[in-house]
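Structural features, examined
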Amino acid sequence: MKDIELPMRVIVGDKAIDKTSLLFSELGLMGHSLVLSDKNTYRAAGEKVSRLIESSSLILDKPMGESIESACAKIKENNVDYVVGVGGGYVIDIAKVAAFRARIPYISIPTSAAHDGITSPQASIQGERKVSVRVHSPLAIIADTEIIRMAPTRLLSAGCADAVSNYTAVLDWELARDEINEYFGDYAASLSMMSAKIVMEKIDCIRDDVSILMEALISSGVAMGIAGSSRPCSGAEHQFSHAIDMICPDSSLHGEQCGVGTILMAYLHGIDWVKIKKVLETIGAPTTAKDLGVDDKCIIKALMEAHRIRDRYTILRDGLSREQAVDLAKKTLVI
Ligand SMILES: [Zn+2]
C-alpha cells in the first residue's frame with residue numbers, strides 16, 4: 001500500500017507572501033497560529049506574516065534541540081492549531097518537527113533557496129550528529145521570489161547544487177533496483193531527475209528568475225513525498241556531504257558539499273562529470289576542496305567513510321579504499 005502525502009497548495013512568485021491570509025482562509029486554517037523565524041528571517045518576512053495572519057510568533061536563536069523544545073512548549077502553552085515556518089533550513093526543520101510532534105499542520109515560507117529541505121517531508125536535526133527524520137509534508141508552501149532573491153547569492157548557488165545532485169541520487173536508486181532489487185518509483189525518480197535537468201539547462205537564467213530553482217526544489221520535495229523517503233534526492237553525493245559534516249563540521253553549506261559529491265559520484269557512474277562541474281562553476285558553486293574550505297585529507301576521509309553513513313545502496317557499494325578515493329578526487333580535480 002502506498003501512502004502519498006503532498007502539499008495542498010504551492011504559491012511561487014513575487015509578492016506571494018501578500019496572499020498568505022487569503023490562502024490560509026481558503027485552506028480552512030483557523031484558531032491559534034504560531035510563526036517561527038530567526039532574527040534575520042523575522043525581519044525579512046516573519047514579522048509581516050505574523051501581522052497578516054494576526055499570529056503569535058517565536059524567534060528562534062538557540063541550538064536546534066533547544067529551539068525545538070521551545071517551539072513545542074509554546075505550541076502547548078498557546079493551544080496552537082498550526083505552525084508557520086518562515087526562514088531557511090534551520091527554521092523550517094524546527095517547524096516541521098514541532099508540528100509533527102504536536103500533530104498539527106505546518107506551512108513552509110522559505111526565505112532562501114539553499115536546499116530542498118524547505119519543502120520536503122524530511123527534517124534534518126542537528127544534535128551531536130545530524131539525523132534525518134521523517135515528518136509530514138507541509139500543508140502549503142509560499143515561496144515569495146522577491147524575498148528569496150534578496151538572500152545571499154551563496155545560498156542560491158548551494159540550492160542549485162542540491163537540485164543538480166538529484167542526478168546521481170536517481171542513478172544510485174536505479175543501481176539499487178538493478179543490483180539488490182530495491183523498490184524503485186518511476187514517477188518519483190522521473191520528477192527528481194527532471195528537476196536536476198531543468199536547473200542544469202537553465203542555469204544561466206536562474207539568478208534573474210529564481211522561480212526556476214524554487215520549482216525544482218519544490219518538485220524534489222514532492223518526489224520525496226511520493227517515494228515516502230529521501231531516496232529520489234539523496235544518494236552517495238549526500239552521504240559524502242554528511243561525512244564532511246562529521247569530519248570537518250561547519251566548513252560549507254549542505255548544497256555546496258552535495259554539488260562536489262555529485263561531480264565525484266558522476267565520475268563513478270561513468271556519466272559526464274565535466275558538464276556537472278561546468279554547471280556548478282557557472283552558478284558560482286564550489287567544485288573543489290579549496291572552494292569548500294576543507295583540506296584534501298577531509299575529502300579523502302569523507303569518500304572512504306561515506307558508504308557507512310546510512311544503510312543506503314549506492315555506487316560506493318562496500319566503500320572506497322584510500323587509493324581509490326585519492327584517485328577519484330584527483331581525476332575529478334576536486335583535490
Ligand atoms: Zn540535499
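Above this text sits the structure in question.
Attention in this report is confined to the structure presented alongside it. Small disclaimer: the values here were computed from a predicted structure and weren't measured. (Residues numbered from 1 in each chain as written. Predicted model: local features only at pLDDT ≥ 70, side-chain atom pairs only at ≥ 80, totals over all residues. Heavy atoms only, no water.)

1. A look at the packing of aromatic side chains
Following the criterion strictly, the structure yields four aromatic pairs and no others. Seen in terms of ring centroids, Phe 24 and Tyr 82 are 5.6 Å apart; in terms of plane orientation they differ by 85°. Their pairing is edge-to-face. Taken together, the positions of Phe 24 in helix 1 (residues 20-26) and Tyr 82 in strand 4 (residues 82-87) put the pair 58 residues apart, joining distant regions of the chain. Overall, Phe 24 belongs to the buried group, its relative accessible area being 2%. Taking 6.3 Å as the distance between ring centres and 65° as the angle between the ring planes, the aromatic pair formed by Tyr 267 and Trp 273 counts as edge-to-face. Look at Trp 273 and you get buried, because its relative accessible area is 16%. Connected via pairs of aromatic rings, a cluster forms that spans Trp 173, Tyr 183 and Phe 184. Seen from the ring of Phe 184, Arg 177 lies directly overhead, with NZ or CZ sitting 4.5 Å from the centre. (Phe/Tyr/Trp six-rings, centres within 6.5 Å; stacked < 30°, edge-to-face > 60°. Helix = DSSP H or I, 4+ residues; strand = E, 2+ residues; numbered from the N terminus. Buried < 20%, exposed > 50% of the residue type's maximum accessible area, 1.4 Å probe, protein only. Lys NZ or Arg CZ within 6 Å of the ring centre and 35° of its normal.)

2. Remarks on the nonpolar core
Nonpolar side chains in soluble globular proteins tend to be buried together. The biggest cluster of nonpolar side chains holds 44 residues, and the ones touching the most others in it are Cys 160, Val 199, Ile 203, Ile 206, Leu 213, Met 214 and Ile 276. Those elements that place two or more of their residues in this core are strand 8 (140-144), helix 6 (153-164), helix 7 (166-180), helix 8 (186-201), helix 9 (210-227), helix 11 (254-269) and helix 12 (273-282). Per element, the largest residue contribution to this core is 11 residues, and it comes from helix 9. Residue contacts for Cys 160: discarding those within four places in its chain leaves Val 199, Ile 203, Ile 206, Leu 213 and Ile 283. Ranked by size, the runner-up nonpolar core spans 27 residues in total, among them Leu 175, Ile 244, Cys 248 and Ala 302. (Core = buried A, V, L, I, M, F, W, Y, C linked by side-chain atoms within 4.5 Å. Contact = heavy atoms within 4.5 Å.)

3. Notes on the layout of surface pockets
Estimated volume of the second largest pocket: approximately 150 Å³. Forming the boundary of the second largest pocket are Tyr 167, Lys 197, Met 200, Glu 201, Ile 271, Asp 272, Lys 275 and Ile 276. Those elements giving two or more residues to the lining of the second largest pocket turn out to be helix 8 and helix 12. For the lining of the second largest pocket, the leading source of residues is helix 8, giving three residues. Residues that form the lining of the second largest pocket fall into these classes: four nonpolar, no polar and four charged. (1 Å grid on protein atoms, 1.4 Å probe; cavity = no way out; pocket = protein on both sides within 12 Å on 5 of 7 lines; lining within 4 Å. Points joined across faces, edges and corners; volume = space filled by probe spheres on them. Nonpolar A, V, L, I, M, F, W, Y, C, P; charged D, E, K, R; others polar.)

Just distances and angles here, no functional claims.
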